[in-house]
Each structure stands twice: as C-alpha cells, then as structure tokens.
Amino acid sequence: MRIRAQVAMVMNLDKCIGCHTCSVTCKQTWTNREGTEYVWFNNVETKPGIGYPKHYEDQDRWHGGWKLDRKGRLVLRSGGRGKRLSRIFANPDLPSIDDYYEPATFDKDILVSAPGGLKDTPVKRPHSALTGEPMAVTWGANWEDSLGGQSGQDDPNLARMATKVKLEFEKTFMFHLPRICEHCLNPACVSACPSGAMYKREEDGIVLVDQDRCRGWRMCVSACPYKKVYVNHATGKAEKCTFCFPRIEAGQPTICSETCVGRLRYLGIVLYDEDAVLAAASVEDEKDLLEAQRAAFVDPYDPAVGEAGLPAEWIAAAQASPVWKLISEYRIALPLHPEYRTMPMVWYVPPLSPVLDATGAAGRDDTDADDIFHTIRDLRIPVEYLAELFTAGDVPVVTGVLMKLAAMRSYMRARTLDGTVAQELLDSIGMTAGQVEAMYRLLAIAKYDERYVVPAAHAKDAAALEAQAATHGDCPVGGSDEDFRRADGRRGLHLNPLRSRS
Ligand code: SF4
Ligand code: SF4
C-alpha cells in the first residue's frame, strides 16, 4: 500500500444559487489575460443543459476519458499513442471556439465620448474579443440559464433515459452545477500528453501543466472528458484549473471556495492507496466504479497511515477533513460521471430541492419524511437524471442519498420544534443521532474552519516555497518554474501507472 494525500472538494448542490461569483473571482485571479478570454477554469452550468463546452459529456463525440478494451484493460478512449500521434495535425476530437463561445467585448468608450446633440442615444455594440469585428452575441458559458431549459432536451445525459422521461423532463426541475478540474486520481490528460507537460503533484495530487514543456499538441484537451483543459490562443499552450495551489500551499482555500456565496464548497484532504487506483478504475461494471473508488480511499484513522511517512499535520487534517466525512463517513457525496474512469476528486452532494418542489406540487407535506420518501420513490425523472450524472445510472444509490438528506431534515425539524428524537427515521437510513446531527452541522451551519481544512505546505518545503515566491512573484499559470523543477524531480516517483500503456 502506498498512501498518498489528495486535496479534494465537495460541493453541496442544494445551496448553489447560480450567482457565478466563483467563476468571476476565478477569472479575475487566473484567466483575466489575452488568450484566455473564453476560458473559465470554474464554470457554473444549468442542468438539464448541454454545458460548457457544448455537449462535453457526449464521449461518443469527443472520445474523452478511459474505457476498457476487449481484454478488460484500461485504455484512453482517444486511442493509443500511435493513433493520437497520427492525428496530431488534424485532431477531430477538439472542440472549436463555437463549441465554447466567441467572447465579446463592448465599445464602452462611445457612451462617454459620443458628441452631444445626437438624435439617438449612443449604444455600445459587441465586438469579438478575438478578431475585433462587430458580432452578435448568441451563446455564452451559461447561456442556458437565460433559455429557461429550452436546450435541456439536447442534454447528453437524457440520451440514455426513456423517451417519456425526456419529454417530461423540462417541466420537472433545474439546478446549477459548478465545475472545476477534477484533479483526478487517474487523469486522462496526464496520460495523453506526448510532451510530459501535464503532471500530478506528489504531495497533494493537484494536476498542473508545465508551461516550459507544453508543445501545444492539445491531446490533453481531447482526453479530458470534463473538458477542463483549455488552449491559450495567444501562447498556444494548455492551461487549466490549478486548484489555486499557491493558496493551498499557504493553508488557504481556493478562491472559488473562499468567495462562494452559498458556502457550499468543502475542501480537505483525502488519503488514498496509489497502488489501488488502477484496479479501481478498471472494474468491469460502471456501476461498481463509485464503490471501487471509495474503497481506494484510506481511513485517516487506519494505523497504516502513521507508517506512511506523512507529516503529522497532514494526518490531522485528513482526520478533520469535511470531504472525507461527506464522501466516506456520511456517504452522501458522489463523483461526477464515474463512468469516465478518471477517478475524479471533486464530488457533489446531489440536490434534494427538486424532490421537495415535487412533494409540495403533489399536495404532500414537504416537511414530512414519509411524504418525501414517497415522492423520491415515485419521482423517476430527477432521480434517474441525477443517477446519470453521479452514479453511472445506479438509481438506488442516488435514492439512498436523497433519503438521508430528507431524513436529516425531518429529524432536525422534530428535534428543534418538539424536542423529540425520531428513532424510526434514524433506523430507516442506518445512521445514529450523533452522525445525523454532525452531518446537519457540516451541511447547514459549518464555519469557515470546518468547511476548509487545508494544511499549509510541509515545513521541509517552506524554504523552497519562499524562494519560489521571491523569484516568481507573478507565477505562470499551472505552476511556477520552481514548482515545475520540484515536480520534475519527483516525476519518476509519481508516474501515472497507466501512462506507458496508452
Ligand atoms: S478533470 Fe482535470 S485532472 Fe481530470 S482529466 Fe480533466 S484536466 Fe485532467
Ligand atoms: S459562488 Fe457558490 S453559490 Fe454562487 S454560483 Fe458559485 S458555487 Fe454557486
């Protein structure tokens, strides 16, 4: 067993109000530059919907992520090394700017510099931020929010659902899905890179791009099934979410977490067995991937952790990790599209609100657990849809999570209003009163220090980090030179186990 630490995130979707503060603060921090106008390391999309870039979840079209070959071995969907190299100058699996959107800017100067006495009020017109030409704005990073679900019917997640469901779906519910790079345990982007420029940091699992090594082949863009690697069209190099590694190294949360209006993001350490990743990503049945990934995680209280050579501060952080609790203790967080087999490390608590809305609409009591349980069982559509997103279509797993959330709600209501302990509710979800109350605290009222448990970089790295800060005040996206050098030194220690196979 080789125990590694990974910085991971959980987002509670019930609390996302779609305000895009996270996207804007991320953009201000990382991609407010020429060449990255269309790039959103953090984006928030409306579901059901086709997402950003359009239809990114349709892997029959983009060939992202991993699949099992006929012998049951894990291979990149974008093909082996030979196939990828043969397409290096004409890659059909690359999204174009139209699949993202053409970024626009506005001639605001006209509002203050227009001469007086004009017959009509001056109007600022949109211009392409890429070409400078006048343009009509017809799409954006979350255009669907304004469409009120009109493009929901084209959502690739609906393709595997029954026709009746598809036709009824848009009347049923919508929610917001914030997305960043998943900093996967088995990153397809790292394995697909012919230059060795993409790498996963040994100490905290953050996936970065070495700007010096990147040759702009864009294989990472194709291979990432979440389409979370972008090309800077000014430099021709790949860039991606850095998990705000300079902040993480200082023990601070990512900027999207820090500024999240809904306080729905949780950051913490998850320990995992690096030797178990390949087997976990290779299980035959897609529906077994969730449990296989959970099984690859290591309980921070396991005695083996003490012998793994991890700093005591990191072990303490792993034990206090809200992410570990939500994923493995309360088991209410789920990974986005586990069927891509990249072992993503940004997980989600699925939203209960569509069920509550439907409970009320059906004339039932949305504060009564029995009524909510009935609705969850009756409500095929949102539950099946959530299963397509989070469990490779395994509906009972999503049902179980929603029932836990509903039971917690009713239990706490009864306890707060009447002082009663609804033991039958606890029995129905297999949790103790202490667990439900701790879960409620974490989901509802947890303070900053409980939501973000990030150890500062280990003391032995402190000198290097200080030197890095002094030398590289404006560090390039995806890692400073010093960071790259440190990673280069470790690359031999932390090669993706699948890399040589693809
Ligand atoms: S989500 Fe991030 S780590 Fe995973 S394959 Fe895509 S770019 Fe790589
Ligand atoms: S800042 Fe928080 S609440 Fe607002 S869109 Fe982002 S994740 Fe959702």
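The protein chain has the name Nitrate reductase beta subunit in an unreviewed UniProt entry, where Paractinoplanes atraurantiacus is given as its organism. What UniProt states about the protein chain under its Subcellular location (unreviewed entry) heading is, verbatim, "Cell envelope".

## Observations concerning the site of ligand 2
Taken together, 14 residues lie near ligand 2, and C16, C19, H20, C22 and C260 sit nearest. Its residues placed into classes, the shell around ligand 2 shows nine nonpolar, four polar and one charged.

## Considerations on the pattern of salt bridges
A full pass over the atoms with the stated rule returns 21 salt bridges. For the salt bridge of R77 with D60, the shortest nitrogen-to-oxygen distance reads 3.3 Å. Of this pair, R77 sits in the loop between β4 (74-76) and α3 (81-86) while D60 sits in helix α2 (residues 59-62), and the two are 17 residues apart along the sequence. In this structure, the salt-bridge partner of R61 is D99, at a minimum N-O distance of 3.6 Å. Here R61, found in helix α2, pairs with D99, found in helix α4 (residues 97-100); they are 38 residues apart in sequence, far enough to count as distant. Judged by relative accessible area, R61 falls into the partly exposed class, the value being 39%.

## Quick notes on the environment of S282
Relative to the assigned elements, S282 resides in the loop between α12 (277-281) and α13 (289-296). Along the chain, S282 and L74 lie 208 residues apart, while their C-alpha atoms are 5.9 Å from each other. Ignoring anything within four residues of it in the chain, the contact list for S282 reads L68, L74 and R341.

## Section: the site of ligand 1
Around ligand 1, the neighbouring residues are C181, E182, H183, C184, P187, A188, C189, V207, C224, Y226, V229 and K240. Class assignment for the residues of the shell around ligand 1 results in nine nonpolar, one polar and two charged.

## Re helix α22 (residues 433-445)
For an α-helix the count is 3.6 residues per turn, leaving residues at separations of three or four pointing the same way. With 13 residues, α22 should cover 18 Å at 1.5 Å per step; its first-to-last C-alpha distance of 17 Å lies within 8% of that length. Restricting attention to buried positions, one finds in α22 the residues V436, M439, L442 and L443. Projection of α22 onto a plane perpendicular to its axis shows the buried side chains occupying an angular sector of 130°, all on one side. The inward-facing, buried residues of α22 abut β1 (3-12), β12 (265-273), α16 (322-329), α20 (395-417), α21 (423-429) and α23 (448-451).

## Some points on the sheet that holds strand β14 (residues 346-349)
One open sheet accounts for four strands, arranged β12-β1-β14-β13; its pairing is mixed. Of all the strands in the sheet, the pair left with one neighbour each is β12 and β13 (334-335). Note: β13 against β14, two bridges, orientation antiparallel. If you follow P335 over to β14, its bridge partner there is W347.

## Quick notes on the environment of C193
You can see C193 is positioned in the loop between α8 (188-192) and β8 (198-200). Sequence separation between C193 and V209 is 16 residues, and the spatial gap between their C-alpha atoms is 10.0 Å.

## Brief notes about a negative patch on the surface
Negative charge collects at one region of the surface, where D365, D368, D370, E424 and D427 lie side by side. Position of D368 relative to the elements: it lies in the loop between α17 (353-361) and α18 (369-378). Overall, the relative accessible area of 31% leaves D368 in the partly exposed class.

## Side note on the packing of aromatic side chains
Geometry of an aromatic ring pair is reported as the spacing of the ring centres plus the angle between the planes. The full count for this structure, using the stated rule, is twelve aromatic pairs. Between Y100 and Y230, the aromatic rings sit 6.0 Å apart at their centres with planes inclined by 50°, giving tilted as the arrangement. Placement of the pair is Y100 in helix α4 and Y230 in strand β10 (residues 229-232), with a sequence separation of 130 residues. When the centroid spacing of 6.4 Å and the interplanar angle of 75° are considered together, the rings of F175 and Y385 count as edge-to-face. Remark: Y385 occurs in helix α19 (residues 380-390) and F175 occurs in strand β7 (residues 175-179); sequence separation between them is 210 residues. Here the two residues F175 and Y385 agree in accessibility, since each one is buried. Chaining the aromatic ring pairs together yields one cluster made of Y38, F41, Y52, Y100, Y101 and Y230.

## Quick word on the confidence of the model for the protein chain
Per-chain confidence: the protein chain averages 86 in pLDDT, with 87% of residues scoring 70 or above. Counting contacts from residues 471-502, a segment whose pLDDT is below 50, to residues more than four positions away or on other chains yields 84 contacts.

## Quick word on the packing of α20 against α22
One way to put it is that α20 packs onto α22 with a least axis distance of 10 Å and a crossing angle of 100°. Between α20 and α22, the crossing angle belongs to the class labelled roughly perpendicular. Touching K404, L405, M408, Y411, M412 and R415 of α20 are A433, V436, E437, M439, Y440 and L443, all from α22.

## Thoughts on the pairing of β7
Of all five residues in β7, five are buried; the element is thus mostly enclosed. Of the two faces of β7, the one carrying F175, L177 and R179 and the one carrying H176 and P178 are both buried. Where strand β2 (residues 43-47) and β7 come together, five bridges link them in antiparallel fashion. Bridging across to β7, E45 finds its partner in L177.

What counts and how
- Residues numbered from 1 in each chain as written.
- Chains lettered and ligands numbered in written order.
- Predicted model: local features only at pLDDT ≥ 70, side-chain atom pairs only at ≥ 80, totals over all residues.
- Heavy atoms only, no water.
- UniProt positions renumbered as here; feature names shortened; annotations may be inferred.
- Near = heavy atom within 4 Å.
- Nonpolar A, V, L, I, M, F, W, Y, C, P; charged D, E, K, R; others polar.
- Salt bridge = Lys/Arg side-chain N within 4 Å of Asp/Glu carboxyl O.
- Helix = DSSP H or I, 4+ residues; strand = E, 2+ residues; numbered from the N terminus.
- Buried < 20%, exposed > 50% of the residue type's maximum accessible area, 1.4 Å probe, protein only.
- Contact = heavy atoms within 4.5 Å.
- Expected span 1.5 Å × (residues − 1).
- Arc of directions from axis to C-beta.
- Pairing = 2+ DSSP bridges.
- Patch = residues over 30% accessible without salt bridge, like charges linked within 9 Å, V, L, I, M, F, W, Y side chains within 5 Å.
- Areas by Shrake-Rupley, 256 points an atom, 1.4 Å probe, with all protein chains shown as cover.
- Lys, Arg positive; Asp, Glu negative; His and termini not counted.
- Charge placed at Lys NZ, Arg CZ, Asp CG, Glu CD.
- Phe/Tyr/Trp six-rings, centres within 6.5 Å; stacked < 30°, edge-to-face > 60°.
- pLDDT = per-residue confidence, 0-100.
- Axes fitted to C-alpha atoms, helices over the stretch in contact; angles between N-to-C directions.
- Parallel < 35°, antiparallel > 145°, perpendicular 65-115°, else oblique.

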